[in-house]
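Each chain is listed here by its residues.
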Amino acid sequence: MAVLKDRLLLCDYNPVSMLSVPETEVLTPKFPVFDAHIHIGDLQMGARVSRPLHIGEIVRNLKESGIFGVINLKMFWGEPLKRHLELLRGHEDFIHTFASVDVTRLEEPGFAAYADDMLRQFKTMGIRGLKFWKNIGCSLKDSGGAYIRADDKRLFPIWEAAAKYGLIVLIHIADPKSFFTPADEKNEFYESLRENPDWSFYGEGRYTFEELMEQQDNLLSQNPDTTFVIAHVGSCAEDLAWVAR
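Remember, it's a predicted structure, so these values are computed and weren't measured experimentally.

Draft legend 1. How the structure looks around the environment of T124. Note on placement: T124 falls in helix α3 (residues 111-125). For T124, a relative accessible area of 68% puts it in the exposed group. Along the chain, T124 and Y165 lie 41 residues apart, while their C-alpha atoms are 9.8 Å from each other.

Draft legend 2. The nonpolar core, seen in detail. In this structure, L119, F122, L130, F132, I158 and W159 are the most contacted members of the largest nonpolar core, which totals 46 residues. Counting residues per element, the ones that place at least two in this core are α2 (78-87), α3, β4 (129-132), α4 (135-138), α5 (156-165), β5 (168-171), α7 (209-221) and β6 (228-230). Membership of the second largest hydrophobic core comes to nine residues, among which are I38, I55, I67 and L88.

Draft legend 3. Examining the packing of aromatic side chains more closely. One pass over the full model with this rule turns up nine aromatic pairs. Positioned above the aromatic ring of Y114 is the side chain of R105, whose terminal nitrogen or guanidinium carbon lies 3.9 Å from the ring centre. The lysine or arginine in question, R149, covers the ring of Y207, its NZ or CZ lying 5.8 Å from the ring centre.

Draft legend 4. The arrangement of the pairing of strand β2 (residues 67-73) in detail. Among the seven residues that make up β2, six are buried, leaving the element largely enclosed by the rest of the structure. Relative to strand β3 (residues 95-99), β2 is paired through four bridges, and the arrangement is parallel. Its bridge partner being in β3, L73 is matched across the sheet by F98.

Draft legend 5. Here's a closer look at the pattern of salt bridges. What the rule picks out here adds up to eleven salt bridges. E107 is the partner of R154 in a salt bridge, and the nearest nitrogen-oxygen pair spans 3.5 Å. Here E107 lies in the loop between β3 and α3 and R154 lies in the loop between α4 and α5, a separation of 47 residues in the sequence. The class of E107 is partly exposed, set by a relative accessible area of 39%. Salt-bridge contacts for E195 lead to R194; the nearest nitrogen and oxygen are separated by 3.7 Å.

Draft legend 6. Expanded view of the pairing of β4. Where burial is concerned, the two faces of β4 agree: the one with G129 and K131 and the one with L130 and F132 are both buried. The pairing of β3 with β4 spans two bridges and is parallel. Note that in β4 the partner of F98 across the bridge is G129. For β4 and β5, the ladder comprises four bridges, and the chain directions are parallel. Residue pairing across strands places G129 opposite I168, the latter belonging to β5.

Rules of the game
Residues numbered from 1 in each chain as written. Predicted model: local features only at pLDDT ≥ 70, side-chain atom pairs only at ≥ 80, totals over all residues. Heavy atoms only, no water. Helix = DSSP H or I, 4+ residues; strand = E, 2+ residues; numbered from the N terminus. Buried < 20%, exposed > 50% of the residue type's maximum accessible area, 1.4 Å probe, protein only. Core = buried A, V, L, I, M, F, W, Y, C linked by side-chain atoms within 4.5 Å. Phe/Tyr/Trp six-rings, centres within 6.5 Å; stacked < 30°, edge-to-face > 60°. Lys NZ or Arg CZ within 6 Å of the ring centre and 35° of its normal. Pairing = 2+ DSSP bridges. Salt bridge = Lys/Arg side-chain N within 4 Å of Asp/Glu carboxyl O.

So, in structure tokens, the structure goes:
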């Protein structure tokens, strides 16, 4: 008779699969692929990459893997953006870069003019769209201490200018649903949240997942002339029927 442990901690469970099936290593896709979400180098301003970037090598490797174009998402603007574009010079037909806008300036009197001027410059520079992150709604606060909503009217000058200059807006709103529920024994991401507690957006004063989805709906319906791409399966990969609607 097998002797079983009375108790086995999940962190100690390391099963070995007995499955035996043929394996096929697929190195290239069946059809050409356009990758709409990559980050070449540092994503945000002030970040540092661990090794030098060799853009020619990166492009060559991507093309050999069956990729015919990419969208390179950057969360910065100004001089850092100009330096980054210089790094990509000669590969603009393959690497399509999205930039961003300093949303922490939304309470400044001239924010609308600032946003319009930034996007006009982006268009001239060859920028193809804008990238915004979940810090809108999940972490950024205004001067009154309130979390900035995804449908905050003070941000609308950005979306209006994007429509005006024909720039796509890719925005990351919310995160997995479990990141907005208590990090307890019922949470399917418990291990991830235990290792990364800052991934949890549950707590007093924060927007719930449902509130963020309502803000997302408002953002889209109130800016019909702007082309939005909602990252990560419309922010709700756990409910594909909701995404489909």
